[in-house]
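# Close look at the chain arrangement
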There are 2 protein chains.
Amino acid sequence: MLSRMTCDCPLYAQEIGSGKYCKYGVKSLIQDYCSFDWSIIMAVTQMDIAERVGVDQSLVSVVLSNKPTPIKVSVATRQRILQAVKEMNYRPNLLARALAKGKTHTIGFLTASSFLEITAAMLTKMDDFAEEAGYEVHSVHTRAEFDLTVKRAHKLIGRGVDGLIISGAFPSIPPSQLQAELSFSVPTVLFSLGTPMPFACRQVYQGSSFGVKQAVDHLYELGHRQIYMIGAKWKGWEADLRFAGFNEGIESHSLGGAKEKLYHFPTYRHTNEDGRRVRDDNRIVSATKEFVKNHPDCTAIICVSDDLAMPILDTFTRMGIRVPEDISIVSFGNDPATLYTHPPLSTIDTPVRKLTQATFDLLMDGIDNKNKEPKEVVIPSELILRQSSGPVRKDLRLTICD
Amino acid sequence: MLSRMTCDCPLYAQEIGSGKYCKYGVKSLIQDYCSFDWSIIMAVTQMDIAERVGVDQSLVSVVLSNKPTPIKVSVATRQRILQAVKEMNYRPNLLARALAKGKTHTIGFLTASSFLEITAAMLTKMDDFAEEAGYEVHSVHTRAEFDLTVKRAHKLIGRGVDGLIISGAFPSIPPSQLQAELSFSVPTVLFSLGTPMPFACRQVYQGSSFGVKQAVDHLYELGHRQIYMIGAKWKGWEADLRFAGFNEGIESHSLGGAKEKLYHFPTYRHTNEDGRRVRDDNRIVSATKEFVKNHPDCTAIICVSDDLAMPILDTFTRMGIRVPEDISIVSFGNDPATLYTHPPLSTIDTPVRKLTQATFDLLMDGIDNKNKEPKEVVIPSELILRQSSGPVRKDLRLTICD
DNA sequence: TTGTAGGCGTTATCAT
DNA sequence: ATGATAACGCCTACAA
């Protein structure tokens, strides 16, 4: 942002502090003499327009704001002003406007990670909704760290966002602290895929338990009795709706203790020196082999994410384990890539559009209606049947030639 | 953003327009009576602090800015002010600060798509560099559309960003228009992976031609003579450095006309109703089959992106074409996933860290040193040899049982 | 129909 | 050491 005081154009400097144009009229003076587009060098203000046209700056403001009662300015001056606006290539200083109006038409979106397909999809959809409603989305990521999330939220508020969307789950933070630190002076909607915030607030989340329960039922009907859930090592499973749904399904069919059926894979993602997010498939291969070795009775698995299911499916295939003939797989997330695996994965949908719509609507309700009442919106998700799940195998004990 | 005028607290309303605290002191008054954190309801300003402490607002500003000469305020008042700042949970209005200082410590990053792994990686790295330098990155995406890019760039400038990074290539826009519309009043760096802007400007791009030439040389040395480049249908290939490198390699070894060796796949990506980006692998499968059928002499391919190479490799495998025994593949991008394909793909690196660093540095040079000279920074990229490229097969004509 | 004046929340430069 | 005062660019009564 170039301040008018930093311009080192000689003509400009010369005119400063002398006569009528001492302070503001210089740019239009210059434009009279040469046709160079000064808006590229320094910002043109309403004052500049006003002085060039010979009216007061407030008139320029009135003309530009183009209120429902536009017949308060004579057609002639209106024309001259608009003409000058065009000629001088005026662009409003949105900071000043925001300061004056107390509104920026901006919403802040705090995302846990930029690498997730779901983040990209939500961001893109959110942008569509926002554009339509006359808002801009400013996204900043938080590395899924709580402190950074809070810090950047305050920064965004300081920057004047009209509303805030915060995505992420923070299972290691006590609920009281969450409630205290996630309260802001602007309308806020908390968003998470499967882990609702453990306190009364305005939030949207995926009702993942429904889909997972469906998956267990589906597998049960196919004759499966040894169903495992596979996820990464994470503190948050107890509060996660995916696990809740799994637990519900397992219990309703008396298939054992859900906790014992939740199998933790080792961490399989890291960021390399070049800043890229790497999925270490070797780790997944060995973890898969170990799982199969230790659980030869397993006939079906439910993976907590497509990202995990796809390499596991691949590993099975290379091990000679047929899917679904030997083991059935149900995945989670409906990543478009699951359409083209071999076989295509049965997966629990993540209805991105609905989730984004609901989040945006809830935020707009907060902004437009100053609604601050806690409200939870749950978007249920359904099981999508494809070819990775089938009838239980005959030999309940799996034998593998390694 | 809540304006102070919209507060409907009765005590506040009652006090308005009466006596010393008529306008500003209400919040601190209220805070004296109840311990509720009003900063959650409405913004606390320096004025509020000042009135509570009983000093002038400008003093608060001085104390908070903590200039190199901090010994201008008595220790006592300084303490009292800081105390009040803490108690009232003051947070600066960054809009006002920006307006007054003419600087936001913010940079705008216009990204072509949120779905690309490379975008996520750059965003994350950029955020690291920015954080370290005391800047914030605000990213908005542009759907790779030129008009939207320009429009949003101006919006960001209006919002006061100190600098701009614009990613993308716009082969269908004439250079003169590019030059005209991509000139802004703030320091700007243009960034692209393989298609430099066709005019003098400050830009960073990957020197892809080097890596691709290396790939051709590498394949040539392995005995390959029928080398094809495979990419999506796109207007921009003529100006793309990947094609330039391919051309250079093909010509230097007299392997034919590069243009005829550039094979266009049909569009294989689209956005579904749910807002998710889908790679249609079925299309890639049929296109691959058609390619092989029409080019039985081909012994090696260079794919313009990993995203295309991976499903092609998969298709080859399922067709019974062995890689690299029957056909060699060299890919482009060094997506971490290429480490774990079967076999792992030889690929041309995209040095994300270096690219991001160079882009950020060039922007900072523009911001700090007001450097506006056109400057091109080229980051060369090297071929990474893995297992998908090997000696040319014996039978030069490939026979496939379909 | 147009101009004047005050405010938005800061920073910065003067006086005192 | 502290307080006035004038920017920053824009909006909005209200006055002329």
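## A few points about the overall build of chain A
The number of helices and strands found in chain A is 15 helices and 14 strands. A total of 402 residues make up chain A; the buried ones form 55% of that total. Long-range contacts, defined here as pairs at least 24 residues apart, represent 70% of the contacts in chain A between residues at least 6 apart. On chain A, roughly 18,100 Å² of surface is accessible, and the fraction owed to carbon and sulfur atoms is 53%.

## Focus on the pairing of strand E11 (residues 328–333) of chain A
Residues and elements named next belong to chain A. Most of E11 is tucked away, with six of its six residues classed as buried. With three bridges joining them, strand E10 (residues 300–303) and E11 adopt parallel strand pairing. Looking across to E11, one finds that isoleucine 302 is bridged to valine 330. In this region the chain leaves E10, passes through helix H14 (residues 306–319) and returns to the parallel neighbour E11; the handedness of that crossover is right-handed. In terms of strand pairing, E11 meets strand E12 (residues 346–349) through four bridges, oriented parallel. Paired with valine 330 across the two strands is serine 346, which belongs to E12.

## So, the sheet that holds strand E6 (residues 227–232) of chain A
Working definition: the strands of a sheet are paired by backbone hydrogen bonds and lie parallel or antiparallel to each other. Residue and element names in this part refer to chain A. The sheet built from six strands is open, its strands ordered E7-E6-E10-E11-E12-E14 with mixed pairing. Whereas interior strands pair on both sides, the edge strands pair on one side only; in this sheet they are strand E7 (262–265) and strand E14 (383–384). Sheet contacts for helix H13 (residues 281–294): E6, E7 and E10; angle to E7, the most-contacted strand, approximately 150°. Contacts from H14 reach E6, E7, E10, E11 and E12, with the element oriented near 155° to E11.

## A short note on the packing of aromatic side chains
Following the criterion strictly, the structure yields 12 aromatic pairs over all chains and no others. Between phenylalanine 129 of chain A and phenylalanine 360 of chain A, the ring centres sit 6.1 Å apart and the planes meet at 25°, which makes this aromatic pair stacked. Linking phenylalanine 129 of chain A in helix H7 (residues 117–133) with phenylalanine 360 of chain A in helix H15 (residues 352–368), this pair joins segments that are 231 residues apart in sequence. Residue phenylalanine 129 of chain A shares its accessibility class with phenylalanine 360 of chain A, and that shared class is buried. Ring centres of tyrosine 228 of chain B and phenylalanine 291 of chain B lie 5.4 Å apart, and the angle between their planes is 85°; this geometry places the pair in the edge-to-face category. Of this pair, tyrosine 228 of chain B sits in strand E6 (residues 227–232) while phenylalanine 291 of chain B sits in helix H13 (residues 281–294), and the two are 63 residues apart along the sequence. By relative accessible area, which is 2% here, phenylalanine 291 of chain B ends up buried. Among the aromatic residues, those joined into a cluster by ring pairs are Tyr228, Tyr263, Phe265 and Phe291 of chain A. Here the guanidinium or amino end of arginine 225 of chain A rests over the ring plane of tyrosine 220 of chain A, the centre of that ring lying 3.6 Å away.

## As for the environment of serine 74 of chain B
All names here are of chain B. Topologically, serine 74 is positioned in the loop between helix H4 (57–65) and helix H5 (75–87). Considering only alpha carbons, one finds serine 74 and lysine 125, 51 residues apart in sequence, at a separation of 43 Å. One polar contact links serine 74 to threonine 77, side chain to side chain, over a distance of 2.6 Å.

## Points about the sheet that holds strand E11 (residues 328–333) of chain B
Residue and element names in this part refer to chain B. The sheet built from six strands is open, its strands ordered E7-E6-E10-E11-E12-E14 with mixed pairing. One side of each edge strand has no neighbouring strand; the edge strands of this open sheet are strand E7 (262–265) and strand E14 (383–384). Against the sheet, helix H11 (residues 241–252) makes contact with E6, E7, strand E10 (300–303) and E11, and its axis sits at roughly 165° relative to E6, the strand it touches most.

## Describing the interface of chain B and chain A
Facing 75 residues of chain B, the contacting portion of chain A comprises 75 residues. Interface area for chain B against chain A, summed over the two sides, is near 6,200 Å², with a carbon-plus-sulfur share of 53%. At the junction of chain B with chain A, the criterion picks out 16 salt bridges. A salt bridge links arginine 276 of chain A to glutamate 117 of chain B, with the nearest nitrogen and oxygen atoms 2.7 Å apart. When contributions to the side of chain B that touches chain A are tallied by element, the ones reaching two or more residues are helix H6 (94–101), helix H7 (117–133), strand E2 (136–141), helix H8 (146–158), strand E9 (277–279), H13, helix H14 (306–319) and helix H15 (352–368) of chain B. Of the residues assigned to the side of chain B that touches chain A, the class counts are 26 nonpolar, 21 polar and 28 charged.

## Section: the relation of the copies chain B and chain A
Rotating chain B by 180° and translating it 0.0 Å along the rotation axis places it on chain A, where the RMSD comes to 0.1 Å. The operation mapping one copy onto its partner corresponds to a two-fold rotation axis.

## Topic: unusual backbone geometry
With omega at 5°, the peptide bond leading from valine 323 of chain A into proline 324 of chain A counts as cis. At the junction of histidine 342 of chain A and proline 343 of chain A, the peptide bond is cis and its omega measures out at -5° in the coordinates. Its identity is not glycine, yet asparagine 89 of chain A carries a phi of approximately 60°, on the positive side. Here asparagine 89 of chain A is to be found in the loop between helix H5 (75–87) and helix H6 (94–101). A relative accessible area of 26% means that asparagine 89 of chain A is categorised as partly exposed. The backbone phi angle of histidine 105 of chain B is positive, close to 55°, even though this residue is not glycine.

## Observations concerning the packing of helix H10 (residues 208–221) of chain A against helix H11 (residues 241–252) of chain A
All names here are of chain A. For the pair H10 and H11, the least separation of the axes is 7 Å and the interaxial angle reads 35°. As H10 runs across H11, the sense of the crossing is right-handed. Where H10 approaches H11, its residues Ser208, Ser209, Val212, Lys213 and Val216 are matched on the opposing element by Leu241, Arg242, Ala244, Gly245, Phe246, Glu248, Gly249, Ile250 and Ser252. Looking at side-chain class alone, the contact of H10 with H11 contains six nonpolar, five polar and three charged residues.

## Let's talk about H5 of chain A
Residue and element names in this part refer to chain A. Counted at 1.5 Å a residue, the expected span for H5 with its 13 residues is 18 Å, and the 18 Å between its end C-alpha atoms agrees. Residues Thr77, Arg78, Ile81, Ala84 and Val85 constitute the buried set of H5. In an axial view of H5, the angular spread of the buried residues amounts to 130°, which keeps them on one side of the axis. Turned more than 90 degrees off the buried face of H5, the exposed positions are Val75, Ala76 and Lys86. Buried-residue contacts for H5 involve helix H3 (46–53) and helix H4 (57–65).

## So, the side chain of lysine 125 of chain A
Looking at the secondary structure, you find lysine 125 of chain A in helix H7. According to the relative accessible area criterion, lysine 125 of chain A is buried, its value standing at 11%. The residues touching lysine 125 of chain A, leaving out its near neighbours within four places in the chain, are Arg353 and Thr356 of chain A together with Glu273, Asp274 and Gly275 of chain B.

## Points about the pattern of salt bridges
In a structure, side chains of opposite charge can pair up when their charged atoms sit close to one another. Applying the stated criterion across every chain yields a total of 42 salt bridges over all chains. For arginine 152 of chain B, the salt bridge identified is with aspartate 127 of chain A, shortest N-O distance 3.0 Å. A residue pair is termed interchain when its members come from two chains, as with arginine 152 of chain B in helix H8 and aspartate 127 of chain A in helix H7. For the pair formed by arginine 152 of chain B and aspartate 127 of chain A, the shared burial category is buried. For glutamate 238 of chain B, the salt bridge is made with lysine 259 of chain B, and the minimal N-O distance between the two is 3.2 Å. Of this pair, glutamate 238 of chain B sits in the loop between E6 and H11 while lysine 259 of chain B sits in helix H12 (residues 258–261), and the two are 21 residues apart along the sequence. An identical accessibility class is assigned to glutamate 238 of chain B and lysine 259 of chain B; each is exposed. Salt bridges linked by common partners bring Lys125, Asp127, Asp128 and Glu131 of chain A together with Arg143, Lys151 and Arg152 of chain B together as one network.

Each value, and the rule that gives it
- Residues numbered from 1 in each chain as written.
- Chains lettered and ligands numbered in written order.
- Predicted model: local features only at pLDDT ≥ 70, side-chain atom pairs only at ≥ 80, totals over all residues.
- Heavy atoms only, no water.
- Helix = DSSP H or I, 4+ residues; strand = E, 2+ residues; numbered from the N terminus.
- Buried < 20%, exposed > 50% of the residue type's maximum accessible area, 1.4 Å probe, protein only.
- Contact = heavy atoms within 4.5 Å.
- Areas by Shrake-Rupley, 256 points an atom, 1.4 Å probe, with all protein chains shown as cover.
- Pairing = 2+ DSSP bridges.
- Right-handed = clockwise from strand over helix to strand, strands pointing away.
- Axes fitted to C-alpha atoms, helices over the stretch in contact; angles between N-to-C directions.
- Phe/Tyr/Trp six-rings, centres within 6.5 Å; stacked < 30°, edge-to-face > 60°.
- Lys NZ or Arg CZ within 6 Å of the ring centre and 35° of its normal.
- Polar contact = N/O pair within 3.5 Å; in protein donor to acceptor, adjacent residues only side chain to side chain.
- Buried area = accessible area lost by both parts, 1.4 Å probe.
- Salt bridge = Lys/Arg side-chain N within 4 Å of Asp/Glu carboxyl O.
- Nonpolar A, V, L, I, M, F, W, Y, C, P; charged D, E, K, R; others polar.
- Least-squares fit on C-alpha atoms with pLDDT ≥ 70 in both.
- Left-handed = near helix turned anticlockwise from the far one by under 90°.
- Expected span 1.5 Å × (residues − 1).
- Arc of directions from axis to C-beta.

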